[in-house]
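Listed here are the chains, written in short residue letters.
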Amino acid sequence: MTKTAIVRVAMNGITGRMGYRQHLLRSILPIRGAGGITLEDGTKVQIEPILVGRNEDKIRELAEKHKVSEWTTDLESVINDPTVDVIFDASMTSLRAATLKKAMQAGKHIFTEKPTAETLEEAIELARIGKEADVTAGVVHDKLYLPGLVKLRRLVDEGFFGRILSIRGEFGYWVFEGDIQAAQRPSWNYRKEDGGGMTTDMFCHWNYVLEGIIGKVKSVNAKTATHIPARWDEAGKEYKATADDASYGIFELETRGGDEVIAQINSSWAVRVYRDELVEFQVDGTHGSAVAGLNKCVAQQRAHTPKPVWNPDLPVTESFRDQWQEVPANADLDNGFKLQWEEFLRDVVAGREHRFGLLSAARGVQLAELGLQSNDERRTIDIPEITLS
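Residues numbered from 1 in each chain as written. Predicted model: local features only at pLDDT ≥ 70, side-chain atom pairs only at ≥ 80, totals over all residues. Heavy atoms only, no water.

For the protein, an unreviewed UniProt entry supplies the name Gfo/Idh/MocA family oxidoreductase and the organism Paenarthrobacter ureafaciens.

Right, dumping it as structure tokens:
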């Protein structure tokens, strides 16, 4: 007879873009629709979502639209509800640390967006609380589950690059100011006092991408900018952008084999896209190179590398992009958010630690904090080890 387990997940901040599109619509609802997940021993784990948000009309509408029976505007009630197993948070950054702290102290497992806190001190405290509470804590590391980066990591693991020399990343797109065309991102993203800012937002991602694929981040040198000084909010009211909307970083890495690697990543909400995907990473090594985006990854081996000759007097006749070979998936790669949700839920039921937890998240907050310090002090800053003791 098949055993069945039920995991009740309270989803806070679900009316936001990421909370709704990636976590509810593309992750939890498909998992629920498939009847849950099946564990190695044949146990069927069913998911019961509870929608949580501050806007009652929006929450009710989403619940009715997607046939979710439970919803509430009272976050405290679900945190203290003994029938709730997991608290998920995708709310504003400025509110997150307090929510996660209360949830873990109430004995709840947590799964959360990033950054986990506005300061490194808060992020370390959360990691310490999670360890003491003995709960399963997961932090969204979605980009490591993307098909393009899965292929890139496979090339690294197979030794395709030889000695890795460098990695260059380009991320971002034009976010409209909101005066004529509506902005694609919420206005709080551009107010420092509300937890906004490109460095705060994205350096926590780049930390786990770099560490998950290449190696440990050892130092940071960053330059931030607020290219668009005024924007218009959701009500059409003009406001001053107090947070950085672009951040240009140079990072020194150390691979697992002890090699030094230089990484450069440009992140901007004020750039127009001239590349194949909204984020791309190029890794160059002695034996080969690869370029990976969200879905696609192409590579060029040393033996297949052409020999360009610099001649500014003649137009280029060769197609450099055609000289690269696409890396096959060789597997069915599902939505990255959904895949991590499934992995996290398996860890919750098994009572084990999730591989991407609060300590990894703290390193991301640390990198963002030191990136901002680097900008202010106009210097390279070494990254110290984080300890919970």
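Moving on, there is more to tell.
Some remarks on helix α4 (residues 93–105)
Counted only if it meets this: Helix numbering and strand numbering both begin at the N terminus, where a helix is a DSSP run of H or I of at least 4 residues and a strand a DSSP run of E of at least 2. In this analysis, the expected span of each helix is defined as 1.5 Å times one less than the number of residues it contains. We call two residues contacting when some pair of their heavy atoms lies within 4.5 Å.
A rise of 1.5 Å per residue sets the reference length of α4, with its 13 residues, at 18 Å; its end C-alpha atoms lie 19 Å apart and thus fit the reference within 8%. Lining the buried residues of α4 we find β1 (4–12), α3 (75–79), β5 (86–89), β6 (109–112), α5 (120–133) and α9 (358–377). Count one or two residues on from α4 and you reach G107, which has phi positive near 85 degrees.

Considerations on the UniProt feature "domain: GFO/IDH/MocA-like oxidoreductase" (unreviewed entry) in the protein
Filter applied, for reference: UniProt positions are given in the numbering used here, feature names are shortened, and annotations may be inferred rather than shown by experiment.
As annotated by UniProt and renumbered to match this structure, "domain: GFO/IDH/MocA-like oxidoreductase" (unreviewed entry) occupies residues 151–290. With 16% helix and 39% strand, residues 151–290 has its two end C-alpha atoms placed 10 Å apart.

A look at the side chain of N375
Let me state the cut-off plainly: Accessibility here uses a 1.4 Å probe with only protein chains present; expressed as a share of the type maximum, an area under 20% marks a residue as buried, one over 50% as exposed, and anything in between as partly exposed.
In this fold, N375 is placed in helix α9. By relative accessible area, N375 is classed as buried at 15%. Look past the residues within four positions of N375 in its chain and what remains in contact with it is A222, K223 and T224.

Re unusual backbone geometry
Cis geometry marks the peptide bond from K114 to P115; its omega dihedral reads -10 degrees. Along the chain, P115 turns up in the loop between β6 and α5. In this structure, K67 is a non-glycine residue whose phi angle is positive, near 55 degrees. Within the secondary structure, K67 sits in the loop between α2 (56–65) and β4 (70–72). Residue class for K67 comes out exposed when judged on its relative accessible area of 69%.

Notes on the sheet that holds strand β12 (residues 246–255)
To keep it simple, the criterion reads: DSSP-based pairing: two strands are paired if at least 2 bridges between them are found. Fitted lines through C-alpha atoms serve as axes, helices being fitted only where they are in contact, and the angles separating the N-to-C directions of these axes extend from 0 to 180 degrees.
With mixed pairing, the nine strands of this open sheet are ordered in space as β17-β16-β15-β14-β8-β13-β12-β9-β18. A strand with exactly one partner marks an edge of an open sheet, and here the two such strands are β17 (325–326) and β18 (381–382). Bridging between strand β8 (residues 164–172) and strand β13 (residues 260–268) involves seven bridges; their strand directions are parallel. Across the sheet, F171 pairs through a bridge with S267, a residue of β13. Contacting β9 (215–225), β12 and β18, α9 runs over the sheet at an angle of about 45 degrees to β9.

What to know about the pairing of strand β14 (residues 279–285)
Among the seven residues that make up β14, seven are buried, leaving the element largely enclosed by the rest of the structure. In β14, alternate side chains face the same way, and those of V279, F281, V283 and G285 on one face and E280, Q282 and D284 on the other are all buried. Here seven bridges tie β8 to β14, and the two strands are oriented antiparallel to one another. Residue pairing across strands places I167 opposite V283, the latter belonging to β14. Alignment of β14 against strand β15 (residues 288–292), held across four bridges, turns out to be antiparallel. Bridging from a neighbouring strand, Q282 pairs with V291 of β15. The turn joining β14 and β15, which pair antiparallel and follow one another in sequence, is formed by two residues.

A few points about the pattern of salt bridges
What counts is decided by this rule: One side-chain nitrogen of Lys or Arg within 4 Å of one carboxyl oxygen of Asp or Glu is enough to make a salt bridge.
Taken as a whole, this structure holds 25 salt bridges when the rule is applied. Measuring nitrogen to oxygen at the nearest pair gives 3.8 Å for the salt bridge that ties D142 to K114. With a gap of 28 residues between them, D142 in the loop between β7 (137–139) and α6 (147–157) and K114 in the loop between β6 and α5 connect regions that are remote in the sequence. Note on accessibility: D142 and K114 belong to one class, buried. What emerges from the salt-bridge pattern is a single network uniting E113, K114, D142 and K143.

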